[in-house]
Amino acid sequence: MSPRLANRVADFGTTIFSEMTALAVRHGAINLGQGFPDFDGPESVKAVAMRAIAEGRNQYAVGVGQPDLRAAIASHARRHYGQEVDPESMVTITTGATEAIYAAIQGLIDPGDEVIVLEPFYDSYVPAVQMAGGVPRYVPLHPPGPNDTAWRLDLDELNAAFNNRTRVILINTPHNPTGKAFSADELKAIAILCVAWDVVAITDEVYEHLVYGTTRHLRLALQPGMTERTITIGSLGKSFSFTGWKIGWAIAAPALTPAVRRTHQYITFAAPIPLQAAAAAALTEGDAVVHALAVDFEQKRDYLFGVLREVGLRPVLPDAGYFILADATEFMPRGGPDGAALCRWLTTEIGVAAIPLSAFYSPEHQTETRGRIRFAFCKQQATLEQAAERLRRLKP
Ligand code: PMP
Ligand code: GLN
């Protein structure tokens, strides 16, 4: 018997990240697909988690998050952005940013409400909207042309997407998979539209500290009129290289916080308590560690960029995050008819896993991505060098 699943999940497959990681493991490929470091975060932070377990902090955490972690997040927001955050009424700890995104959408969207999603988008956004009965409304980010350095948001197209049914816009800055950090002008334009249409912004800022060169991360919540209508989402995973801990958070004005808390209490109720203790320590004492990580990742970005260019994969240099998009179209006859086939071929035949850009697009727009594929550079130098050796097999 095959059990009947709910309609809302009928079209969901397995995420591309799980699929490509499993394929990489099966074929002994170097995994530059799913975005996770192949090294741990600071020993001192691990020690806090281990001590918390040893000392008996093993029962349910406070549902909305441990007070010390919420205070650390408020202090971090003040220190880095001059943002005033009340830990009592404005911070909620979740099981990763993924839960914060899901909880916020469930708390804001009624069936038929529209959610503006910039395409390409992180893979959990659209299923989260659909599970709430919402309708995604796509606005494209345009790939850089010969004179651009980054993916571009067309403000006329954005403007045209807002209407009376729009409830939420989802923004991801720095952006996965393009590495775009939204500029002050872009954030200002988004803010003006949100205020004009009475729309809430959910901003996914999990890569907030991973910015390179002169790029700065800017918070949408700090644009005029946005404090009361923005839910800012962060994660310990990216800044401190503990993606497996799944500690995330949402910062929102007191009147908006129930959108996250009412749903969070029935999704997971609370995040793991020993990891919250360690997260509080990391956010309190870890600024230097995060800075060093960004410096290190910038070098790795440059290294992998050079390798991709050398082998003919035509990369675009990202300003932020830990991914590089490359255009592998010219390998398509050999590698397969589309980006997904190409990534499978790269994994099984060349021994390096990547993620097709098509995974970040709605089915209607996937063909526009052609042979673009994503490589993660959040790896040890030795791993990247081994990947480079294998990728050089692509050269004629
Ligand atoms: N948002 C973006 C843009 C991501 O790339 C990721 C994946 N790392 C997440 C959210 C999920 O974060 P977490 O692992 O904290 O749930
Ligand atoms: N955020 C990670 C990426 O973009 C994947 C996280 C996951 O596997 N869900 O690669």
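Scroll up for the structure.
All values reported here derive from a predicted model rather than from experimental measurement.

Novice: Looking at this structure, I do not really get the pattern of salt bridges. What am I missing?
Specialist: Any two side chains of opposite charge can pair, so long as their charged atoms come close to each other. In the structure shown here, the tally under the stated rule is 19 salt bridges. Here Asp302 makes a salt bridge to Arg301, at a shortest N to O gap of 3.0 Å. Residue class for Asp302 comes out partly exposed when judged on its relative accessible area of 38%. Note on Arg301: relative accessible area 7%, which makes it buried. Across the pair Arg392 and Glu310 runs a salt bridge, and its minimum N-O distance is 2.7 Å. Here Glu310 lies in helix α12 (residues 287–310) and Arg392 lies in the segment after α15 (381–391), a separation of 82 residues in the sequence. Through salt bridges with shared partners, a single ionic network connects Asp40, Glu43 and Lys46.

Novice: Would you mind showing me how to read the packing of helix α2 (residues 43–54) against helix α11 (residues 273–285) here?
Specialist: In a packed pair of helices, the relevant descriptors are the angle between the two axes and the axis-to-axis distance. Two numbers describe how α2 lies on α11: the axes approach to 8 Å, and their chain directions differ by 145°. Crossing handedness for the pair α2 and α11: right-handed. Two secondary-structure elements touch here, α2 through Val45, Val48, Ala49, Ala52 and Ile53 and α11 through Pro274, Leu275, Ala277, Ala278, Ala281 and Ala282. The class makeup of the residues in the contact of α2 with α11 is eleven nonpolar, no polar and no charged.

Novice: What is the right way to look at the pairing of strand β14 (residues 372–376) in this model?
Specialist: Side-chain direction in a regular strand flips from residue to residue, so the side chains alternate between the two faces of the sheet. Of all the five residues making up β14, five are buried; the element is thus mostly covered by neighbouring parts of the structure. Of the two faces of β14, the one carrying Arg372, Arg374 and Ala376 and the one carrying Ile373 and Phe375 are both buried. Two elements, strand β11 (residues 323–327) and β14, share five bridges in a ladder whose sense is antiparallel. Residue pairing across strands places Ile324 opposite Phe375, the latter belonging to β14. Bridge count between strand β13 (residues 355–356) and β14: two bridges; the pairing is antiparallel.

Novice: Hey, could you run me through the pairing of strand β8 (residues 230–235) in this one?
Specialist: Of all six residues in β8, six are buried, a share of seventy percent or more. Sheet topology places strand β7 (residues 200–204) next to β8; four bridges connect them, and they run parallel. Bridging across to β8, Thr203 finds its partner in Thr232. Pairing of β8 with strand β9 (residues 247–252) involves five bridges; the strand directions are antiparallel.

Novice: Please explain the site of ligand 1 as it appears in this structure.
Specialist: Around ligand 1, a shell composed of Gly96, Ala97, Thr98, Tyr122, Asn172, Asn176, Asp204, Val206, Tyr207, Ser235, Lys238 and Lys246 is seen. At a separation of 2.6 Å, an oxygen atom of ligand 1 approaches a polar side-chain atom of Thr98. In the environment of ligand 1, an oxygen atom lies 2.6 Å from a nitrogen or oxygen atom belonging to the side chain of Tyr207. Contact with the protein chains hides 93% of the accessible area of ligand 1, taken as 400 Å² for the molecule alone. Ranked by residues supplied to the shell around ligand 1, first place goes to helix α5 (residues 96–108) with three residues. Each residue belonging to the shell around ligand 1 can be placed in one class, and the counts come to four nonpolar, five polar and three charged.

Novice: Even after reading the chapter, I still don't get the layout of surface pockets, so can you show me in this structure?
Specialist: The rolling of a water-molecule-sized probe over the atoms marks out the regions of remaining empty space. Within this model, the second largest pocket holds a volume of roughly 440 Å³. Lining the second largest pocket are 16 residues, and of these Glu208, His209, Val211, Arg216 and His291 lie nearest its centre. Going through the elements one at a time, α3 (67–81) and α12 are the ones with two or more residues in the lining of the second largest pocket. Here the element with the most residues in the lining of the second largest pocket is α12; it accounts for six residues. A class-by-class count of the residues in the lining of the second largest pocket yields six nonpolar, six polar and four charged.

Novice: What's the story with the sheet that holds β11 in this structure? I'm lost.
Specialist: In sheet architecture, strand pairing relies on hydrogen bonds along the backbone and comes in two forms, parallel and antiparallel. Read from one edge of the open sheet, four strands run β10-β11-β14-β13, paired in antiparallel fashion. Each edge of the sheet is formed by a strand with only one pairing partner; in this case those strands are β10 (315–316) and β13. Against the sheet, helix α14 (residues 339–350) contacts β13 and β14, and its axis sits at roughly 45° relative to β14.

Novice: What is the right way to look at the site of ligand 2 in this model?
Specialist: Neighbouring ligand 2 are Phe17, Gln34, Gly35, Tyr122, Asn176, Lys238, Phe323 and Arg374. One of the side-chain N or O atoms of Asn176 is found 2.8 Å from an oxygen atom in ligand 2. At a separation of 2.6 Å, an oxygen atom of ligand 2 approaches a polar side-chain atom of Arg374. Among the residues forming the shell around ligand 2, the class breakdown is three nonpolar, three polar and two charged.

Novice: Explain the packing of aromatic side chains here, please?
Specialist: To describe a pair of aromatic rings, one takes the distance between the centres and the angle between the planes. Under the defined criterion, the tally for this structure stands at 13 aromatic pairs. An aromatic cluster is present here, built from Phe39, Tyr207, Tyr212, Phe297, Tyr322, Phe323 and Phe377 joined pairwise through their rings. When the ring centre of Phe182 is taken as reference, the NZ or CZ atom of Lys180 above it lies at 5.0 Å. A cation over a ring is seen here: Lys379 above Phe36, with NZ or CZ 3.9 Å from the ring centre.

Novice: Honestly, the nonpolar core in this entry has me stumped. Any pointers?
Specialist: Core analysis: the biggest nonpolar cluster contains 96 residues, and Leu158, Ile169, Ile190, Ile231, Leu313, Phe375 and Leu391 have the highest contact counts within it. Setting aside anything within four residues of it in sequence, one finds Phe375 in contact with Leu32, Leu304, Leu308, Leu313, Tyr322, Phe323, Ile324, Ala326, Leu346, Val352, Ala354 and Leu391.

Novice: For this particular structure, what's the right way to read the packing of α5 against helix α10 (residues 257–267)?
Specialist: Contact geometry of α5 with α10 gives a least axis separation of 7 Å together with a crossing angle of 115°. Between α5 and α10, the angle is such that the two are roughly perpendicular. Once α5 is placed against α10, the crossing between them reads as right-handed. Judged by residue contacts, Glu99, Tyr102, Ala103, Ala104, Gln106, Gly107 and Leu108 of α5 engage Ala259, Val260, Thr263, His264 and Ile267 from α10. Per-class residue counts for the contact of α5 with α10 are seven nonpolar, four polar and one charged.

What counts as what
Residues numbered from 1 in each chain as written. Chains lettered and ligands numbered in written order. Predicted model: local features only at pLDDT ≥ 70, side-chain atom pairs only at ≥ 80, totals over all residues. Heavy atoms only, no water. Salt bridge = Lys/Arg side-chain N within 4 Å of Asp/Glu carboxyl O. Buried < 20%, exposed > 50% of the residue type's maximum accessible area, 1.4 Å probe, protein only. Helix = DSSP H or I, 4+ residues; strand = E, 2+ residues; numbered from the N terminus. Axes fitted to C-alpha atoms, helices over the stretch in contact; angles between N-to-C directions. Left-handed = near helix turned anticlockwise from the far one by under 90°. Contact = heavy atoms within 4.5 Å. Nonpolar A, V, L, I, M, F, W, Y, C, P; charged D, E, K, R; others polar. Pairing = 2+ DSSP bridges. Near = heavy atom within 4 Å. Polar contact = N/O pair within 3.5 Å; in protein donor to acceptor, adjacent residues only side chain to side chain. Areas by Shrake-Rupley, 256 points an atom, 1.4 Å probe, with all protein chains shown as cover. 1 Å grid on protein atoms, 1.4 Å probe; cavity = no way out; pocket = protein on both sides within 12 Å on 5 of 7 lines; lining within 4 Å. Points joined across faces, edges and corners; volume = space filled by probe spheres on them. Phe/Tyr/Trp six-rings, centres within 6.5 Å; stacked < 30°, edge-to-face > 60°. Lys NZ or Arg CZ within 6 Å of the ring centre and 35° of its normal. Core = buried A, V, L, I, M, F, W, Y, C linked by side-chain atoms within 4.5 Å. Parallel < 35°, antiparallel > 145°, perpendicular 65-115°, else oblique.

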